[in-house]
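One letter stands for each residue in the lines below.
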Amino acid sequence: ETERLELLVGRVLELSRLQSSYTYARDPLDVAAIVEEAVAAFDAITLTKPTPITRHIAPDLSVAGDRPTLVRALVNLLTNAWKYTGDDKQIEITAAENRRWVEITVRDNGTGIDLAEQRAIFEQFQRGRAAAANGAPGLGLGLSFVQAIVRGHRGKLAFESRPGETVFRIRLRRWREPVVIARPMSEQRLAS
């Protein structure tokens, strides 16, 4: 019980820091690389029940942002999608340009978020009936983290949900210049 309390206090303090005093980097980031890093972290978390993630990422997308926190936001959304879908898990992540924004979408075929609960899902410690019914682990802080991170990037976060489908959309400012991904030395030698 003490360990659980320490974890809870640590998570609340971390969330508070992200909401108030954390300095978000504004580095040029390749969106495909962020998505791949998030999917790799998600795969490690869900090792007991591996779930393939369908990806549709437009080429040459880049945003200005803070890599570790953006990866964390995507991992939280993917993990929620995984927790609240049945055995036939269909999770998809897409990224596309939308004028001056890049829109990253996480879609699942889960139970959906009850209409009466949708207004409160970003509040701390809010867990819907589906969480209780499924016995899904968690503290009710994941979406609060996602919201804090998106706000810290001056982005926009929206969602739509109905039984059988939930879609979360993160909109981030597009980086104007292309981001060059450095290849490992072994690949560079093979290319020459």
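Further up the page is the structure itself.
Cut-offs and rules
Residue numbers restart at each chain and count upward from 1, following the sequence in its written direction. Only residues with pLDDT of 70 or above have their local features reported here, since the model is predicted, and side-chain atom pairs are shown and tallied only from 80 upward, although totals for entire chains, interfaces and linings are computed over all residues. Excluding hydrogens and water, the side-chain figures rest on all heavy atoms present in the structure. Helix and strand definitions here come from DSSP, where helices need a minimum of 4 consecutive H or I residues and strands a minimum of 2 consecutive E residues; each element is numbered from the N-terminal end. Type-normalised accessible area, obtained with a 1.4 Å probe on protein chains alone, sets the label of each residue: buried when under 20%, exposed when over 50%, and partly exposed for intermediate values. Contact definition: two residues touch when any of their heavy atoms are within 4.5 Å. Computed by Shrake-Rupley with a 1.4 Å probe, the accessible areas treat only the displayed protein chains as cover when residues are assessed. Neither His nor the chain ends contribute to the count of charged residues, in which Lys and Arg are positive and Asp and Glu negative. Salt-bridge detection follows one rule: a side-chain nitrogen of Lys or Arg within 4 Å of a carboxyl oxygen of Asp or Glu. Polar contacts, as used here, are pairs of N or O atoms within 3.5 Å; protein pairs need one atom able to donate a hydrogen and one able to accept it. Residues neighboring in sequence count only if both atoms are side-chain atoms. The pairing criterion for strands is at least two bridges between them, as found by DSSP. Lines fitted to C-alpha atoms define the axes, with helix axes restricted to the stretch in contact, and inter-axis angles between N-to-C directions lie between 0 and 180 degrees. To estimate how far a helix should extend, the number of its residues minus one is multiplied by 1.5 Å.

### Observations concerning the overall build of the chain
Now for step 1: Per the secondary structure count, the chain includes 6 helices and 7 strands.
Now for step 2: Counting from the amino terminus, helix and strand elements in the chain follow one another as α-β-α-β-β-α-β-β-α-α-β-β-α.
Now for step 3: Burial status across the chain gives 39% buried among its 192 residues.
Now for step 4: Here the analysis covers contacts within the chain between residues at least 6 apart in sequence; of these, 73% occur between residues at least 24 apart.
Now for step 5: About 11,200 Å² of surface is accessible on the chain, with carbon and sulfur atoms providing 53% of the total.

### Overview of unusual backbone geometry
Now for step 1: Located in the positive-phi region is Arg99, a residue other than glycine, with phi close to 55°.
Now for step 2: Turning to its location among the elements, Arg99 is positioned in the loop between strand S4 (91-98) and strand S5 (101-108).
Now for step 3: The backbone of Arg154 shows a phi angle near 55°, a positive value even though the residue is not glycine.
Now for step 4: Within the secondary structure layout, Arg154 lies in the loop between helix H5 (142-152) and strand S6 (156-162).
Now for step 5: Under the relative-accessibility criterion, Arg154 is labelled exposed at 60%.

### Re the side chain of Lys89
Now for step 1: The residue Lys89 is located in the loop between helix H3 (67-83) and S4 in this model.
Now for step 2: Buried charged residue Lys89 carries no salt bridge. Nearest counter-charge: Asp87, at 5.9 Å.
Now for step 3: A polar contact is formed between the side chain of Lys89 and the backbone oxygen of Trp82, at a distance of 2.7 Å.
Now for step 4: Residues contacting Lys89, with those up to four places away along its chain left out, are Thr51, Trp82 and Asn109.

### Quick look at the sheet that holds strand S7 (residues 165-173)
Now for step 1: Reading across the sheet, the 5 strands line up as S2-S4-S5-S7-S6 and stay open at both edges, with mixed pairing between neighbours. Taken across any chain shown, the strands that pair with only one partner, and hence form the sheet edges, are strand S2 (53-57) and S6. With direction set aside, neighbouring strand axes in the sheet form an average angle of 15°.
Now for step 2: The strands that helix H2 (residues 31-45) touches are S2, S4 and S5; relative to S2, the one it contacts most, it runs at about 175°.
Now for step 3: Here H3 sits on the sheet and contacts S2, S4, S5 and S7; the angle it forms with S5, its principal contact strand, is near 25°.

### Comments concerning H3
Now for step 1: Taking 1.5 Å as the rise per residue, H3 with 17 residues should run 24 Å; its terminal C-alpha atoms sit 24 Å apart, in good agreement.
Now for step 2: Along H3, 13 of the 17 residues are buried, which leaves the element largely enclosed by surrounding structure.

### Structural notes on the pattern of salt bridges
Now for step 1: A full pass over the atoms with the stated rule returns 10 salt bridges.
Now for step 2: Here Arg55 and Glu36 are joined by a salt bridge, their closest N and O atoms 2.9 Å apart. Residue Arg55 is located in strand S2, and its partner Glu36 is located in helix H2; the two are separated by 19 residues in the primary sequence.
Now for step 3: Of the residues examined, Arg55 reaches a relative accessible area of 33% and is grouped as partly exposed.
Now for step 4: What makes Glu36 partly exposed here is its relative accessible area of 40%.
Now for step 5: Among the ionic pairs, Arg169 bridges to Glu160, the shortest N-O distance being 3.0 Å.

### Examining the environment of Arg162
Now for step 1: Mapping Arg162 onto the fold places it in strand S6.
Now for step 2: Placed 48 residues apart in sequence, Arg162 and Asp114 show a C-alpha to C-alpha distance of 7.4 Å.

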